[in-house]
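# Results of the structural survey
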Amino acid sequence: MYNLTNDELRHIRGGAISFGAGLLIGAGIVFLIGVIDGYIRPLKCN
């Protein structure tokens, strides 16, 4: 088994920021599609 040194541990990068950015971009796209759909095809409330 290989033990990492402290210097190697400090250089480990996680993927949370890129995952969060992808989630934010996806949510923005879904929101824009909903706005465009509501503008083009408005539905009355019951």
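Residues numbered from 1 in each chain as written. Predicted model: local features only at pLDDT ≥ 70, side-chain atom pairs only at ≥ 80, totals over all residues. Heavy atoms only, no water.

Here we come to the overall build of the protein chain. Scanning the protein chain for helices and strands turns up two helices and zero strands. Structurally, the protein chain occupies a C-alpha span of about 65 × 15 × 15 Å along its principal axes. In the protein chain, which comprises 46 residues, the proportion classed as buried is 0%. For the protein chain, the accessible surface area stands at approximately 4900 Å², while carbon and sulfur atoms represent 68% of it. (Helix = DSSP H or I, 4+ residues; strand = E, 2+ residues; numbered from the N terminus. Buried < 20%, exposed > 50% of the residue type's maximum accessible area, 1.4 Å probe, protein only. Areas by Shrake-Rupley, 256 points an atom, 1.4 Å probe, with all protein chains shown as cover.)

Moving on, we come to a nonpolar patch on the surface. Where nonpolar side chains cluster on the molecular surface, the patch consists of Phe31, Leu32, Val35, Ile36, Tyr39 and Ile40 and spans about 730 Å² of accessible area. Note that leucine 32 resides in helix H2 (residues 16–40). (Patch = residues over 30% accessible without salt bridge, like charges linked within 9 Å, V, L, I, M, F, W, Y side chains within 5 Å. Salt bridge = Lys/Arg side-chain N within 4 Å of Asp/Glu carboxyl O.)

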